[in-house]
Every structure is written in C-alpha cells, then in structure tokens.
Amino acid sequence: MKLSRRTLPLAVLAALAAPAAHAEVPIDVIGGSEVSFEGLLQADANWFHSDIRNLNGDAQDGDKQDAELRRAELVLKGKGPGNIEWVIGYDAKADKWLDTNLKYKLGGNANHYLQFGQFKQPNSLEELSSTKNNDFISKAMVTNTWAVARRVGAAYSVGDAGWSLTGSLFTRELKRGLAAGEGYGLRGTWAPINDTGSILHLGLSYVNYDAEKPVINGANVKNRAGFSVRPDADLAGARLIDTGNIDNADRIATTGLEAFWVGGPVKLQGEYMSTKVSRTTSAPSFKGTGGYVSAVWNLTGETWGYKAGVPTTPLPNEPESGMWQLGLRYDTMDLNDGAATVVGNTATIAGVLGGESSTWTLGANWYLRSNFKLAMNYVKVDSSKFLGKTSATYSRNPAYNGVTFNRVVDDNPDIIEFRAQFYW
C-alpha cells in the first residue's frame, strides 16, 4: 500500500485536531496480554539551495523544494502473559514492517532477555534510539549508511541499569527486496555514571554480514556492495557521494564506537564507524569511515533519562508551553579508498573514489504537550568527488553541464528542513 503526497495536508490536520494523549492507547487484556496501540505521523518539507546537482532529484525540473508524509507508523504492543512481550509494527508510508517480534524476559528482568523476529540489530546509538525523538530531522550520514537496522533474527541480551551485552544472529528484512545478508552483531555498553541529570555512556559494537545489495523492483544481488549518501536531507533525490557498485564483495564488517554525556539540560553525543568490504577475488578490499558529534541544549531545563543503553527524551516540564531544544551537529563521511591517474583525457581509477562529505546542522525542536513535535534544521554541506569524463553517470548527466571532468569537483549546497510530528 502506498500513500501519496496528497495525504500530507490530511495528516497534518488530523494531528492538529487530535486531543493530547498518553504515549500509547490501552486497548484490552487479551489472552493474558495487556494490548496497547501506538502511532507516529511525520510530515517533512525540504528547501534546497543547490550548488551543482539539483538535490530535488535528477529530473532537473528546477523545483527547489519537496514535501511529503515521511512516516505513518502503526504499532500494536503486548505485555504478558508472564514474562513475554510482543510487538507488531507497520509503516504504511514506506509499505514495510517495523519491529515485529517476541521477547522473553529471563527471570522477569527487563535487561536479560531472548528476542525472536524482526528488530533493530545491536549497533549504532542513534539507530537504536527512538525515531520520534531524533535530535535532528535526518539521522547522521554514517547512521543512515552503515547502521544495520531492522532484520529478522534472534538475540540474547544480559545486563542491568548500568551495563549491557547483546549478541544477535540475523538475515534479511521481513519484506523482500529490502536490506539483506546473513550475519551477526555484538554490542556492549557501560554507563559508569547513571544518575538523574548526570549520565556518561560508552559503547562498542561490531556487525559482520554477507554482501547483498538490494535492487528496486528486483531480486537482491549477492556478492555486491555499494554505498550512496544523502547530504543529511531525507527528501534529497541526489546523492553527492557514492561508491557505485563494489562487485565480488564477500562480507561487510562495521565497527562502531559511541558515547554520550548528559549534564542537566545539556547532552553531548558522538559516534564513529569504520566499514570494510572484503572481496571474493584478489581485488583489494574497500574501507570507509564516518562519524558525528552533536550537542543539544534543553532551553526549558529538562534533562534526559537512560534505558537499555540509549538516552530517553523527557516530556516537557510545562506541557502548555512545551520543551524547547537547540542543537548543533558536525557530521562527516569518507568513501575514498583509492587513487586516480589522469593522462590526457583519460582517467584511470585504482580502488574506489566515492567522495568525501561533511555537514554542519543547526536545529531547533519544540515538543508540545506529550504528542506533538515541530522541528527545523539548517544544513550546510561541503562535499567533493572525483568525476571521470568517461563515466556515463556524470558525463551524460545534465547536472554537470559546464563542469570540467577528470578532476575532484566540489558541490556545496545548503538546505532548510521542517518536520511536523504527531505521536501517541
């Protein structure tokens, strides 16, 4: 099922007309399970000030903005019977399943459990955090590119309020044609400081899985990898840095480091990831890196909590006036692992030259009561990529009319983003 952009005004009107509610709606007790219903609607708008490529897509229609319903998530949750918890989630906008799994708490301990089904894999602090409480409208480039999100699998986790260790075996997403590749993941966290208004979290993760690239409207291609990166704008139709296809790929392995610190109304957070694509032939492996650091200040004085190895966003101290946040993030990505030799009009590339990109994002969030959020971001992008004249990807693209090829080309746009959100 697909939802068109015509649903955007209706979704916003429904959100504004709905009464304030709790984070979830209790339904009934069925078979000893306390069943509740949750939902999330997000409507986004992006305004692009492009440099070389039109970020609104490769159609080059001259339109400098885009808007659409970003998410329409519907989730049923159950607690019980006994130590069992279950969830069934579906995103009607993306037409895909969300968390759909069963969890068994060992000894009744919420931090010691077995989990089966589709769930977020144990890696990436930002990916594991709740989407409705993202500090910025777009997740960081490294999160969107290398964090392994929801996959079907089985996990075991042990820990307490201050530490955790989680291991997982996984395959593909529930819906075919999306992310795939069998593998495993590990994540360990430690919070040496975990008090009200004072938190220090440290984490280390590792995922390793078969290279298998999704193909739109087709079967996934085994032994192929490839990474293309939006410039911290979810509605951008163009990717400014892109490795292209990495063929004869065997395994993809990503190591992640993560940390965040909370001091009263201030949160500092950062992640770093290093990814390696090993090959089935004598071709050299590919290595890429990326990371971000961010700072968020709750102007109205609220502080964060800590649960299951991630920060939890508070409700406003004053529901009528809401909680106001200011945020700043520096985000960087390096997809270069090779070199180019130019002789006359011919360029020879050894390895992969996917490009480099960095962004600064300045953001403001307003959480009103317990159900509404408005967010605005300004994103400044600096990117560079080697463009070879013989590559049809570039030489036949009207976005590059007048560009001299066989050299590194800078593309430095800026973007304004807006999000309206309703959740229950």
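Residues numbered from 1 in each chain as written. Predicted model: local features only at pLDDT ≥ 70, side-chain atom pairs only at ≥ 80, totals over all residues. Heavy atoms only, no water.

### Some thoughts on the overall build of the chain
Turning to step 1, where the next piece is worked out: Broken down by element type, the chain carries 4 helices and 26 strands.
Turning to step 2, where the next piece is worked out: Counting the 424 residues in the chain, one finds 47% classified as buried.
Turning to step 3, where the next piece is worked out: For the chain, contacts bridging at least 24 residues in sequence account for 63% of all contacts bridging at least 6.
Turning to step 4, where the next piece is worked out: Just so you have it, the chain exposes about 19500 Å², and 58% of that area is on carbon and sulfur atoms. (Helix = DSSP H or I, 4+ residues; strand = E, 2+ residues; numbered from the N terminus. Buried < 20%, exposed > 50% of the residue type's maximum accessible area, 1.4 Å probe, protein only. Contact = heavy atoms within 4.5 Å. Areas by Shrake-Rupley, 256 points an atom, 1.4 Å probe, with all protein chains shown as cover.)

### Considering a nonpolar patch on the surface
Turning to step 1, where the next piece is worked out: Taken together, the side chains of Trp47, Leu328, Trp360, Leu362, Met376, Tyr378 and Ile416 define a hydrophobic patch exposed on the protein surface, amounting to about 710 Å² of accessible area.
Turning to step 2, where the next piece is worked out: If you list the elements that add at least two residues to the nonpolar patch, you get strand E23 (346-368) and strand E24 (372-387).
Turning to step 3, where the next piece is worked out: Inspection of the secondary structure assignment puts Leu328 in strand E22 (residues 323-343). (Patch = residues over 30% accessible without salt bridge, like charges linked within 9 Å, V, L, I, M, F, W, Y side chains within 5 Å. Salt bridge = Lys/Arg side-chain N within 4 Å of Asp/Glu carboxyl O.)

### Focus on unusual backbone geometry
Turning to step 1, where the next piece is worked out: Each neighbour pair has its own omega, and for Gly80 with Pro81 the value is 5°, a cis peptide bond.
Turning to step 2, where the next piece is worked out: Along the chain, Pro81 falls in the loop between strand E3 (65-79) and strand E4 (84-91).
Turning to step 3, where the next piece is worked out: With phi around 70°, Ser124 is a residue other than glycine that occupies positive phi space.
Turning to step 4, where the next piece is worked out: Inspection of the secondary structure assignment puts Ser124 in the loop between strand E6 (113-120) and helix H2 (125-128).
Turning to step 5, where the next piece is worked out: Residue classification places Ser124 among the buried residues on the basis of a relative accessible area of 1%.
Turning to step 6, where the next piece is worked out: Backbone geometry at Asn248 places phi at a positive 55°, although glycine is not the residue there.
Turning to step 7, where the next piece is worked out: Note that Asn248 resides in the loop between strand E16 (246-247) and strand E17 (249-263).

### Things to note about the pairing of strand E9 (residues 183-195)
Each regular strand carries side chains that alternate between the two faces of the sheet.
Turning to step 1, where the next piece is worked out: Inspection of the sheet shows strand E8 (residues 163-170) paired to E9 by 8 bridges, in the antiparallel sense. Opposite Ser168, over in E9, you have Gly185 as the bridge partner. (Pairing = 2+ DSSP bridges.)

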